[in-house]
Amino acid sequence: MGVGFVRPHTPLYAPDRFFDMYPLESIELAPWMKSDASDTHFNENFPDKGKGLRYYRELLASYDGDREVAIKHFLQAYLACITFMDEQVGIVLDSLEAHPELNKNTMIVFTSDHGWQMGEKNYLFKNSPWEESAKIPLIIRKAKSEINNISIEQPVSLIDIFPTLVDYANLKGDHRKKGNGAKLGGFSLRPLIDDPKSQNWQGPNGALTVVGNYANSGKEKSVAKQNYSYRTKAFRYIVYSNGQEELYDHTSDQHEWNNLASNKQYKDIIKRLKDEVSIIIGQQL
């Protein structure tokens, strides 16, 4: 069974009691660097077309240019909607737990389709190539399993969920009605779930995000002509459709403030990450 909740999607509506949980004076904003967007290439590839760039400007204008007040108001509404949604998830889980045998035999997957840029890099929206937008929650409880609070550090993708469920349910057959249908990508997460230290993960080294979907529009129908964001445990590598690049070292730069793509010391790392992306998409970048 699939259960979807719209919130915290915009417009950010929720009952007042959820807003009351987050008084403006108690909200703390994430660290922010004013010149954060200066070494990025998003604006050049999405000139004034990105909603996030416009939303950020318009939000600040609504509060006379006061960034802190503007973001706090938006974040208050965002947190209210997340908490509103969380309560609905609780209703579903409580209903499941009311049937012990069914609950014991049910696998639960909690996830989202995207994150949200909360003003970082002057951007307020989804569909960006950076951490805040590309990273999503993924919580999985196996059937017949106690909660064990184990964290798995291997970056994985949403496309890995379907083969994971097929694997655990031992499903047979084919998802395609006709033989010429496309095969689905992704890899079963079962080796990582059953043993977080497992060396049997068959998937790629990182998780790939595509921003723009240029391959299916216009004259240039090339898989290589996309905007790709690739996140490994240590790095985020971004390559735009025009070849411009960004590289962030998450071992020392969790906020992705310092683009290292022009640093010659990272030349070999960029080549390795670009080669990994090329293998995933099946075409040399």
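Here's what I pulled together on the structure shown here.

What counts and what doesn't
- Residues numbered from 1 in each chain as written.
- Predicted model: local features only at pLDDT ≥ 70, side-chain atom pairs only at ≥ 80, totals over all residues.
- Heavy atoms only, no water.
- Helix = DSSP H or I, 4+ residues; strand = E, 2+ residues; numbered from the N terminus.
- Rg over C-alpha atoms; globule rule 2.2 N^0.38 Å.
- Buried < 20%, exposed > 50% of the residue type's maximum accessible area, 1.4 Å probe, protein only.
- Contact = heavy atoms within 4.5 Å.
- Lys, Arg positive; Asp, Glu negative; His and termini not counted.
- Charge placed at Lys NZ, Arg CZ, Asp CG, Glu CD.
- Expected span 1.5 Å × (residues − 1).
- Patch = residues over 30% accessible without salt bridge, like charges linked within 9 Å, V, L, I, M, F, W, Y side chains within 5 Å.
- Areas by Shrake-Rupley, 256 points an atom, 1.4 Å probe, with all protein chains shown as cover.
- Salt bridge = Lys/Arg side-chain N within 4 Å of Asp/Glu carboxyl O.
- Pairing = 2+ DSSP bridges.
- Axes fitted to C-alpha atoms, helices over the stretch in contact; angles between N-to-C directions.
- Polar contact = N/O pair within 3.5 Å; in protein donor to acceptor, adjacent residues only side chain to side chain.
- Phe/Tyr/Trp six-rings, centres within 6.5 Å; stacked < 30°, edge-to-face > 60°.
- Lys NZ or Arg CZ within 6 Å of the ring centre and 35° of its normal.

## Quick notes on the overall build of the protein chain
Here's step 1: Summing up its helical and strand segments, the protein chain has 9 helices and 8 strands in all.
Here's step 2: In terms of overall dimensions, the protein chain is globule-like: its C-alpha atoms have a radius of gyration of 21 Å, near the 19 Å expected for 285 residues.
Here's step 3: In the protein chain, which comprises 285 residues, the proportion classed as buried is 36%.
Here's step 4: Of all intrachain contacts in the protein chain linking residues separated by at least 6 positions in sequence, the fraction that spans at least 24 positions is 61%.
Here's step 5: Considering the protein chain, the positive charge centre built from 34 side chains and the negative charge centre built from 37 side chains are found 9 Å apart.

## Focus on helix α9 (residues 267-281)
Here's step 1: Its 15 residues give α9 an end-to-end C-alpha distance of 21 Å, which sits within 8% of 21 Å, the value for a rise of 1.5 Å per residue.
Here's step 2: The complete set of buried residues in α9 reads I270, L273, E276, V277, S278 and I281.
Here's step 3: In the core, the buried residues of α9 are packed alongside β5 (207-211), β6 (227-231), β7 (235-239) and β8 (245-249).
Here's step 4: With its phi angle positive at about 75 degrees, G282 sits one or two positions after the end of α9.

## Thoughts on a nonpolar patch on the surface
Here's step 1: Together, M1, V3, F5 and V92 line one region of the surface with nonpolar side chains, adding up to about 430 Å² of accessible area.
Here's step 2: Tracing the sequence through the fold places F5 in the segment before α1 (16-20).

## Let's talk about the sheet that holds β5
Here's step 1: Judged by pairing direction, the sheet is antiparallel, and its 4 strands sit side by side in the order β5-β6-β7-β8 without closing on themselves. Both edges of this open sheet fall to β5 and β8, since each of them pairs with a single strand only. Along the sheet, successive strands turn relative to each other by an average axial angle of 10 degrees, direction set aside.
Here's step 2: The pairing of β7 with β8 spans 5 bridges and is classified as antiparallel. Residue pairing across strands places R236 opposite Y248, the latter belonging to β8.
Here's step 3: Running at roughly 70 degrees to β7, α9 makes contact with β5, β6, β7 and β8 of the sheet.

## Looking at the environment of Y22
Here's step 1: Relative to the helices and strands, Y22 resides in the loop between α1 and α2 (42-45).
Here's step 2: The partly exposed category is assigned to Y22, whose relative accessible area is 23%.
Here's step 3: Taking the C-alpha atoms as reference, Y22 lies 48 Å from Q284; in sequence the two are 262 residues apart.
Here's step 4: With sequence-adjacent residues up to four places away left out, Y22 is seen in contact with I27, Q76, L79, A80 and T83.
Here's step 5: Reaching out from Y22, the side chain makes a polar contact with the side chain of T83 at a distance of 2.5 Å.

## A word on the packing of aromatic side chains
Here's step 1: Tallied over the entire structure, the rule returns 10 aromatic pairs.
Here's step 2: Centre to centre, the rings of Y78 and W116 are 6.2 Å apart; their planes meet at 35 degrees, and the pair counts as tilted. Taken as a pair, Y78 in helix α4 (residues 67-97) and W116 in the loop between β1 (108-111) and β2 (117-118) lie far apart in primary sequence, 38 residues in all.
Here's step 3: Chaining the aromatic ring pairs together yields one cluster made of Y55, F74, Y78, W116 and F125.
Here's step 4: Its guanidinium or amino end placed over the ring of W32, R67 lies 3.9 Å from that ring's centre, counting from NZ or CZ.
Here's step 5: The ring of W130 has K121 sitting right over it, with the charged end atom 5.4 Å from the ring centre.

## Digging into the pattern of salt bridges
A side chain of one charge can pair with a side chain of the opposite charge when the charged atoms of the two come close.
Here's step 1: Taken as a whole and assessed by the stated rule, the structure comprises 15 salt bridges.
Here's step 2: Where R17 meets E87, a salt bridge forms, and the shortest distance between an N and an O atom there is 2.7 Å. Separated by 70 residues along the polypeptide, R17 in helix α1 and E87 in helix α4 bring together distant segments of the chain.

## Observations regarding α4
Here's step 1: The terminal C-alpha atoms of α4, which comprises 31 residues, lie 44 Å apart, in line with the 45 Å expected from a rise of 1.5 Å per residue.
Here's step 2: Where α4 begins, the side chain of D66 points an oxygen toward the backbone nitrogen of E68, at a separation of 3.3 Å.

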